[in-house]
Amino acid sequence: MKTPYRVLFDVVFAKMDPEDAHHLAFRVIKAIPKLGLAGLVGRFTAPAPSLAVDALGLHFPSPFGVAAGFDKDAKGIAGLGALGFGHVEVGTVTARPQPGNERPRLFRLVPDLAVVNRMGFNNSGAHAAALELSRARSAPSRPVIGVNIGKSRVVDVDDAIDDYLASTRLLAPLADYLAVNVSSPNTPGLRGLQELERLAPLLEAVRDAAGHTPVLVKIAPDLDDDGVRRIGALVTELGLAGVIATNTTVSREGLATKGAVVEAAGAGGLSGAPLAVRSLEVLKLVRASVPSGMCVISVGGVSSAADVDARLRAGATLVQGYTAFLYRGPLWARQVNRGLVALDRRRRTT
């Protein structure tokens, strides 16, 4: 039986351009605190105290948070926190404002509960994000705030370090943690920064510039297993705070959506349920490649409380989601948090 939200999705949102539908939903989320409803909504959605996680020197009300890409300009943090997410990773933010790729650039693969995007880091830039983050941090109650930074499109890969450092200096003082995105498939040359000879000096420079703010690196699911292990070893050697695994994939294998629909969507990163298997594999590889106490955030193909629970049991410190939000609706975080409590209770009584 379909939930009320899924009926609404099928009748209304599925008939809209996906990006327009996202903007509509995002306006509603931003309105929650503006209308003074955050406290009321929060009483209905707040995670149980038993779900709290301490990591990165921070206190997370829930292990479940919003992945980068949903709130690109740090404008919906309070609303997302009110919906029950324990942390919100904003961005990807670039040093320079940029419009991203031409529309259409977001495509639903409904039979797969998946999305293809080639947004291209559309955002208002680091200076604008800094203003929004300053306001968000001053709120009396807020989730943990991560800031995901990437390379400006107009900047050559050889000049990427200075570009990342411009964002780091502005945003690290305002972030609870900083995520270095070198794994989006939608910025030319970006994934080349995952090569160790480029990645090591970049991460070292960002780490030093970030000061006391924890720095993590976000990696692609399309790395081979040895590549994942090498990055795990590098992160350990540099003393970074952790790894986020994984970003979207360029693979289109095993999809249920008709081939013509997939072909029409074209290039871009695939996210959602089809990514689950590889994301879990990469999580296990990372967990085995870094110290047991290091933070590992798992993202990719997460939809239910059982999915989040499986990632936590496989070694994730925290778990993020995004794509299933589009298909599950505004009570998704509440459903996941309640489900995690129920799963834990069931284990304790059997």
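It should be noted that the structure appears before, not after, this text.
We now turn to the structure provided with this report. Note that the structure is predicted; figures quoted are calculated from it, not measured. (Residues numbered from 1 in each chain as written. Predicted model: local features only at pLDDT ≥ 70, side-chain atom pairs only at ≥ 80, totals over all residues. Heavy atoms only, no water.)

Notes on the packing of helix 7 (residues 196-210) against helix 8 (residues 225-238)
Between helix 7 and helix 8, the least distance of the axes is 11 Å, while the angle of their chain directions is 30°. When the interaxial angle is binned, helix 7 and helix 8 end up roughly parallel. In the packing of helix 7 onto helix 8, the handedness of the crossing is right-handed. Residues L196, L199, A200, L203, E204 and R207 of helix 7 form the contact with helix 8, whose participating residues are R230, I231, L234 and L238. For the contact of helix 7 with helix 8, the residue count by class is seven nonpolar, no polar and three charged. (Axes fitted to C-alpha atoms, helices over the stretch in contact; angles between N-to-C directions. Helix = DSSP H or I, 4+ residues; strand = E, 2+ residues; numbered from the N terminus. Parallel < 35°, antiparallel > 145°, perpendicular 65-115°, else oblique. Left-handed = near helix turned anticlockwise from the far one by under 90°. Contact = heavy atoms within 4.5 Å. Nonpolar A, V, L, I, M, F, W, Y, C, P; charged D, E, K, R; others polar.)

Thoughts on helix 10 (residues 276-289)
Between its first and last C-alpha atoms helix 10 spans 20 Å; for 14 residues at 1.5 Å apiece the expected length is 20 Å, and the two agree. When helix 10 is considered as a whole, its buried residues turn out to be R278, S279, V282, L283, L285, V286, R287 and S289. Where the residues of helix 10 are buried, they touch strand 9 (215-219), helix 8, strand 10 (242-245), strand 12 (295-299) and helix 11 (305-313). (Expected span 1.5 Å × (residues − 1). Buried < 20%, exposed > 50% of the residue type's maximum accessible area, 1.4 Å probe, protein only.)

Some words on the pairing of strand 11 (residues 269-272)
Because side chains alternate across strand 11, one face comprises the buried residues G269 and S271, and the other comprises L270 and G272, equally buried. Both strand 6 (residues 114-117) and strand 11 contribute to a ladder of four bridges, which runs antiparallel. When the bridges of strand 11 are listed, V116 appears paired with L270. (Pairing = 2+ DSSP bridges.)

Digging into the nonpolar core
Counting residues in each nonpolar core, the largest one holds 74 residues, and the members touching the most others are V147, Y164 and I219. No other element matches the six residues that helix 7 contributes to this core. Look past the residues within four positions of V147 in its chain and what remains in contact with it is V90, V93, L133, L171, A175, Y177, L178 and A179. Ranked by size, the runner-up nonpolar core spans 15 residues in total, among them V53, L56, A67 and A179. (Core = buried A, V, L, I, M, F, W, Y, C linked by side-chain atoms within 4.5 Å.)

Some details on the pairing of strand 7 (residues 144-150)
Put simply, side chains in a regular strand alternate between the two faces of the sheet. The buried fraction of strand 7 is high, at seven of seven residues. Here strand 7 shows two buried faces, one formed by V144, G146, N148 and G150 and the other by I145, V147 and I149. The sheet contact formed by strand 4 (residues 87-94) and strand 7 spans six bridges and is parallel. Bridging across to strand 7, V93 finds its partner in I149. In terms of strand pairing, strand 7 meets strand 8 (residues 177-181) through four bridges, oriented parallel.

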